[in-house]
Amino acid sequence: MLSSSVGYLLLLVFGVFFTGITFFMQRRRKQAMTAEQYSTAGRSVGVGLTSASIIAAWTWAATLMMSSSTGYQYGISGPYWYAAGACIQVLLFAIVAIQLKRRAPNAHTFLEFIGQRFDKKNHRLIMVFALMTNILVTSMVILGGAIALNSLTGMNLFIAAFLIPLTFTIYTMIGGLKASFVADYFNTIMIFLILTIFAVAIYVKFGTTPIYEGLQDLPSSTSMLTMASIPGLFFGMINIIGNFGAVFVDQAYWQRAIASKDSATSRAYIYGGIAWFSIPFAIATFLGVSAAGLGVPISTPDSVAPEMASYLLGSVGSILFLAMLFMAVMSTGAAELTAITNIVVTDIYRHSINPKASSQKLLNVSRKVTLSFGLMMGLLSILLFYVGISLGFVYMAMGIFVSGAVIPVTLGLLWKKATNEGTFYGALSGFILGITAWITSAYVMFGEVSVGSLGQLESMFFGNITVFIVSGVISVGHGLMANQEFDFDTLKDKFKSFDDEEFEEKEEIRFERAAR
């Protein structure tokens, strides 16, 4: 175990480094920061920076901690199901991202599009899902970082949860979305570099033979050494369903589409999704599966990765893992913080409170919202820990709470027959019946409703799959029965700049090519 002072020092170094970069960027800017720049990064980010930002934003603390836990518990199928189960959503998001650019080219949030495409009750309901997604993801990110700090340095968990958000809140408040993109680029480079070090260290120090033989000797070796592992398969299905909600209902990913150049949008999500696959797949294999095969004593499944890193390279391994974890925490935290800020400013403040607010007023409100939510996130993550809910539990249950909006939102962008009633009742019924199925299956299969029974793979699976089936059937079914058609061309002039400037006309032929 490292000294707690190491944890404080790492927090200070990362916070000062990225805040310093943001100040440097601001001084080199040729124009003053505006609300539009703060919110959309000028809609001019290229494919490389956008791809790196997608990778970094999708690399949660849970990506490093939870993926390693799946490798430790389910064997060789765990890394694959985690990586593949959370990669496909980013790849498919390229389709809806280009359609948002095409049908609402000047929108600031996907909720702004929903507000114009559907009615007020849909706008409010989907906003609840979006904010719930942002809050759950940010809480998980901070909780994962705090657990790792506590595990490796003995730093007080509650202090860590309060200090971690400060590292990304300050530079995000100063530089807005563009600062988040630049930090993401550095973070992605560092994460891949540290992954390479762990890979080489495992291979040189142990090789593959002792790990393979160790897995063979385990009582559960029949499932640890095969892709046909039933627990691994259950986890994979939960992972796929739950992460659709974590991408398609998360403003952070729509934000990257909005900020990117038209020519970069679809390629950025495809490149980013493919490259991201290697991060959880690699770390879950190097640290998770290896820990199981080598018989490394682990205190809890949530702490497999930091404890294996320490076992592998001692203090150096602990510091490297903490550095990689901070990179993940800062990138995802900043992405979620800018997402929450944009939702509050665009869809609450500008939409309902002060529609005629000036650019300077919107910029000031944006910075206050960023600071307020950044400080509040620490409290929420502590609340999760205090009530005894683990990182793994929140990760697998997330889809039950947020995935009800996935199909309705996607149909709203892609299908002209999607209706107000089908969207509203599809999302709401999916959420309610999903929770009902989750609780009922826990009681029927395990005889009680508790954190333990609700956290079982079977209960989680039935809750997640019910959400998708119910929301899909209702939203598609009503659209087919109503047989109404919406004209997407009516939306293009509905979205106004925060800076009262005129947007240039988009080239339709470029969107057609990207959509194909």
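Residues numbered from 1 in each chain as written. Predicted model: local features only at pLDDT ≥ 70, side-chain atom pairs only at ≥ 80, totals over all residues. Heavy atoms only, no water.

Caption draft 1: Inspection of the overall build of the chain at higher detail. Regarding its fold elements, the chain presents 21 helices and zero strands. Relative to its length of 516 residues, the chain is compact, with a C-alpha radius of gyration of 22 Å against a globular reference of 24 Å. Residue burial in the chain is summarised as follows: out of 516 residues, 60% are buried. Of the roughly 19,600 Å² that the chain leaves accessible, carbon and sulfur atoms contribute 65%. Here the chain contributes 31 positively and 28 negatively charged side chains, and the mean placements of these two sets differ by 8 Å. (Helix = DSSP H or I, 4+ residues; strand = E, 2+ residues; numbered from the N terminus. Rg over C-alpha atoms; globule rule 2.2 N^0.38 Å. Buried < 20%, exposed > 50% of the residue type's maximum accessible area, 1.4 Å probe, protein only. Areas by Shrake-Rupley, 256 points an atom, 1.4 Å probe, with all protein chains shown as cover. Lys, Arg positive; Asp, Glu negative; His and termini not counted. Charge placed at Lys NZ, Arg CZ, Asp CG, Glu CD.)

Caption draft 2: Highlighting a nonpolar patch on the surface. A cluster of nonpolar residues, Ile439, Tyr443, Val444, Met445, Phe446, Val449 and Phe462, forms a patch on the protein surface that exposes about 660 Å² of accessible area. Considering every element that reaches the nonpolar patch, the biggest residue donor is helix H18 (residues 420-446), with five residues. By the element assignment, Phe446 lies in helix H18. Residue Phe446 is classed as partly exposed on the basis of its relative accessible area of 34%. (Patch = residues over 30% accessible without salt bridge, like charges linked within 9 Å, V, L, I, M, F, W, Y side chains within 5 Å. Salt bridge = Lys/Arg side-chain N within 4 Å of Asp/Glu carboxyl O.)

Caption draft 3: Main features of the nonpolar core. Counting 163 residues, the largest nonpolar core has Trp60, Phe321 and Tyr395 as its most contacted members. At 25 residues, helix H14 (residues 304-353) tops the list of elements feeding residues into this core. Once residues within four sequence positions are removed from consideration, Tyr395 is found in contact with Trp60, Ala62, Met66, Tyr82, Ala86, Met140, Phe235, Asn239 and Asn243. In this structure, Ala41, Val45, Leu177 and Phe181 belong to the second largest nonpolar core, which totals five residues. (Core = buried A, V, L, I, M, F, W, Y, C linked by side-chain atoms within 4.5 Å. Contact = heavy atoms within 4.5 Å.)

Caption draft 4: Molecular detail of the packing of helix H5 (residues 77-103) against helix H12 (residues 251-259). Where H5 meets H12, the axes come as close as 9 Å, and the angle between the chain directions of the two elements is 55°. Here H12 runs oblique to H5, going by the angle between their axes. Classified by chirality, the crossing of H12 by H5 is right-handed. In this structure, H5 contributes Phe93, Val96, Ala97, Leu100 and Lys101 to the contact, and H12 contributes Tyr253, Trp254, Ala257 and Ile258. Among the residues making up the contact of H5 with H12, the classes are represented as eight nonpolar, no polar and one charged. (Axes fitted to C-alpha atoms, helices over the stretch in contact; angles between N-to-C directions. Parallel < 35°, antiparallel > 145°, perpendicular 65-115°, else oblique. Left-handed = near helix turned anticlockwise from the far one by under 90°. Nonpolar A, V, L, I, M, F, W, Y, C, P; charged D, E, K, R; others polar.)

Caption draft 5: Molecular detail of the environment of Ile174. Positionally, Ile174 belongs in helix H8 (residues 157-205). In this structure the C-alpha to C-alpha distance between Ile174 and Glu448, which are 274 residues apart in sequence, comes to 49 Å. When neighbours within four sequence positions are excluded, Ile174 is seen to be in contact with Thr19, Thr22, Phe23, Gln26, Met33, Tyr38 and Arg367.

Caption draft 6: The arrangement of the side chain of Asn342 in detail. Looking at the element boundaries, Asn342 is found in helix H14. Taking relative accessible area as the criterion, Asn342 reaches 4% and is therefore assigned buried. Within the structure, Asn342 has its side chain in polar contact with the side chain of Ser39 (distance 3.1 Å). Within the structure, the side chain of Asn342 is placed 2.5 Å from the side chain of Gln255, a separation counted as a polar contact. (Polar contact = N/O pair within 3.5 Å; in protein donor to acceptor, adjacent residues only side chain to side chain.)

Caption draft 7: Geometry of the pattern of salt bridges. Applying the stated criterion to the full structure yields five salt bridges. Here Glu36 ties to Arg43 by a salt bridge, and the two come within 3.0 Å at their closest N and O atoms. The same class applies to Glu36 as to Arg43, namely buried. Asp119 serves as the salt-bridge partner of Lys121, at 2.6 Å between the closest nitrogen and oxygen. Judged by its relative accessible area of 29%, Lys121 falls in the partly exposed class.

Caption draft 8: Just helix H13 (residues 265-294), in detail. Its 30 residues place the ends of H13 43 Å apart at the C-alpha level, agreeing with the 44 Å of an ideal helix rising 1.5 Å per residue. Its maximal kink placed at Thr285, H13 deviates by approximately 35°. (Expected span 1.5 Å × (residues − 1). Bend = angle between axes of the 7 residues up to and from the residue.)

Caption draft 9: Layout of empty space enclosed by the protein. Tallying each qualifying case throughout the model produces one cavity of 30 Å³ or more. Quantified by volume, the largest cavity comes out at close to 40 Å³. Lining the largest cavity are Trp58, Trp60, Thr63, Tyr82, Ala86, Asn243, Trp276 and Tyr395. Partitioning the lining of the largest cavity into residue classes produces six nonpolar, two polar and no charged. (1 Å grid on protein atoms, 1.4 Å probe; cavity = no way out; pocket = protein on both sides within 12 Å on 5 of 7 lines; lining within 4 Å. Points joined across faces, edges and corners; volume = space filled by probe spheres on them.)

Caption draft 10: Molecular detail of the side chain of Ser53. Tracing the backbone through its elements, the reader meets Ser53 in helix H3 (residues 47-58). Beyond its immediate sequence surroundings of up to four residues, Ser53 is in contact with Phe181, Asp184 and Arg256.

Caption draft 11: Molecular detail of unusual backbone geometry. Residue Ala41 is not a glycine yet carries a positive backbone phi of 55°. If you trace the backbone, Ala41 turns up in the loop between helix H2 (35-40) and H3. If you check the backbone angles, Asn483 has positive phi at about 55° while not being a glycine. Relative to the helices and strands, Asn483 is located in the loop between helix H20 (457-482) and helix H21 (508-515).

Caption draft 12: Inspection of the packing of helix H16 (residues 391-402) against H20 at higher detail. Relative to each other, H16 and H20 sit at 25°, their axes nearing to 7 Å. With respect to H20, the axis of H16 lies roughly parallel. Across the interface between the two elements, Phe393, Met396, Ala397, Gly399 and Ile400 from H16 touch Leu457, Met460, Gly463, Asn464 and Val467 from H20. Here the residues of the contact of H16 with H20 are counted per class, giving seven nonpolar, three polar and no charged.

From the geometry alone we can't say anything about function, so treat these as descriptive.
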